[in-house]
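Chains, contacts and geometry: an overview
The primary structure of each chain is shown beneath.
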Amino acid sequence: MSFASQLKTSETASNPEWRQLLSKLLKIGIHEDQNADGTHPDGISTFDMTTLGENVPFFILEYKRILGEGGCDPSVLAGCSMRRAWIQVDMTIMRDRCCCPTLMIAGGGPWICVLGAVFTDKVIVQRLTEMMWIGLSSTSEDTRIHRFARVMMALRQNLPKLRDYYGKISATNILTFKEGFPHPRFYPYPTSFVEHGKLTHFDYLKMLENDPTCVTYLAKIRREEDKSSDINKLIVAKFVDRYGYDVHQFLATKYHSPQLRYYGPREVDDSLGNNTSPAPPTTASPGNLLNSPMNMVIMDYVKPHRRPADAHAQLEEILTDLHIEGYVFGDLREPNILFDKDGKVQLIDLNWAGR
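Everything numeric in this text was worked out from a predicted model, so none of it was measured. (Residues numbered from 1 in each chain as written. Predicted model: local features only at pLDDT ≥ 70, side-chain atom pairs only at ≥ 80, totals over all residues. Heavy atoms only, no water.)

1. Section: the nonpolar core
Ranked by size, the top nonpolar core spans 42 residues in total, and within it L26, F59, W86, M94, I105, L155 and Y166 carry the most contacts. Among the elements of the structure, α2 (16-26), β1 (43-49), β2 (54-64), α3 (74-86), β3 (102-108), β4 (111-119) and α5 (142-171) are those that each provide at least two residues to this core. A total of eight residues in this core trace back to one element, the largest contributor, which is α5. Contact partners of I105, with chain neighbours within four places excluded, come to L22, L26, F59, I60, L61, E62, I112, C113, V114, L115, M152 and L155. Membership of the second largest hydrophobic core comes to 24 residues, among which are V240, L251, Y263 and L319. (Core = buried A, V, L, I, M, F, W, Y, C linked by side-chain atoms within 4.5 Å. Buried < 20%, exposed > 50% of the residue type's maximum accessible area, 1.4 Å probe, protein only. Helix = DSSP H or I, 4+ residues; strand = E, 2+ residues; numbered from the N terminus. Contact = heavy atoms within 4.5 Å.)

Written out as C-alpha cells, the structure reads:
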C-alpha cells in the first residue's frame, strides 16, 4: 500500500500507526511530548544533548484529520508548537546559542506541506512547499507523486544534517548572550566571502532597517584579516533572490554606487583559501535581471550625508548614462538615493535594476 493511501486511512496524526509510518519514511523517532503549559504537538523529534542537559526539538508535526479541524490552520499551529517547544525553561542554553532552526510537517486529510522555522526575537516560519495533495486519484498522476517522493527524500536527507548542526553548536565556543548587544543568533549564518582570491570573515553589527522583512545588515570585517588602512572596514551584507549585478558594476566604476566586493552563493567554502573568487553570476532570466536562489551581496558601507544643491542634476546625469547603456534602475525612490561625504550620489538597492 502506498504512503498516501495509508495516510488517508489513518484517523489522526496522534494515531501511533501514523507516527510509526512517518518515522519509517523519514528514519527518525517521532513521539508525543507535553509542554509545561499542558499543550503538545501531534508529533515531535528531539536530539539528546547530554553535554548541555537538553533535548533539542528539531522536528515538529501538526497533522489533522481534515484541514481546519480545531478552527486553526495547521501550518500556523506548527509555528506555535515550535515556539512552545523552544520556550521551555530547560531550553535556555541552546536557545541562547543559535536561532533554533526547526523543520516541520503540517497538514490535514490528503494535504501536507513542509515548513522551516527559526527563533530570533520572534518565530519566523517559511513554507518550503505548498500544500501538496497526497490522496489517491482516479487517474494517473505520476508527476505529482514523484515530486512528493522527492520532497520527502529531501526532508529525510536533511534531518540528520540538522542534528549535526546542533551537535556542532553544543561544542562551539559561542558568545554569551547579552541583551542589547549583537549576537550570532539574531543574524544570518554566512559570515565570510571571497574577494581577490582571499577568504574574508566579518561580524554583523545591526540591521539597516527597522523592519521585520529587512535583509540588509551593517557588518565589520574582522580586524586581523584586513590590515590595509585604505580599505573601509565597514561593509553591507545583503541577501537577494534577484540583483542587477551588471548595473551595480557599471555604476560603481563611475563611483555612483558603493564598491561591490562580492556577489554569489551565501555559503563560501572555507577550503577556498587563497583560490580564485567565484565567477560573476550569469544571466538567469530575460532582461539581464538575475533571478536565482538566495545570494549574498557584499559592498562597502556609505555613510549618508546631507543632500547637495546639485542632487537633481547629478541624478539626471546618472540616469541618462544608464539609459544610454540600455539599463534602467527600476526602483528610484528616496530611500535608495544616498550622498557620500563629497556630496556624490550613491544609488543602492539594485534588486530591480537591469537591461
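2. Remarks on helix α6 (residues 245-253)
In an α-helix there are 3.6 residues to a turn, and that puts residues three or four apart on one side. Looking at α6, one finds that the buried residues are Y245, V247, H248, F250, L251 and A252. Of the residues trailing α6, Y255 is marked for its positive phi of about 60°.

3. Quick look at the pairing of strand β5 (residues 123-127)
Sheet analysis places β4 next to β5, joined by five bridges and oriented antiparallel. The partner of L115 across the bridge, within β5, is R127. Taking the residues that link successive antiparallel strands as the turn, the β4-β5 hairpin has three residues. (Pairing = 2+ DSSP bridges.)

4. What to know about the environment of W18
Position of W18 among the secondary structure elements: in helix α2. Relative accessible area serves as the criterion here: at 1%, W18 is assigned to the buried category. Expressed as a C-alpha distance, the spacing of W18 and Y63, which sit 45 residues apart in the sequence, is 10.0 Å.

5. Some points on the pattern of salt bridges
Oppositely charged side chains can form a pair if their charged atoms are brought close together. According to the stated counting rule, one finds 15 salt bridges in the structure shown. Taking the shortest distance from any N to any O, the salt bridge between R19 and E32 comes out at 3.9 Å. Here the residue R19 occupies a position in helix α2, and E32 occupies one in the loop between α2 and β1, the gap between them amounting to 13 residues. The buried category is assigned to R19, whose relative accessible area is 11%. Here E32 falls in the partly exposed class, since its relative accessible area comes to 39%. (Salt bridge = Lys/Arg side-chain N within 4 Å of Asp/Glu carboxyl O.)

Don't take any of this as a statement about function, it's just geometry.
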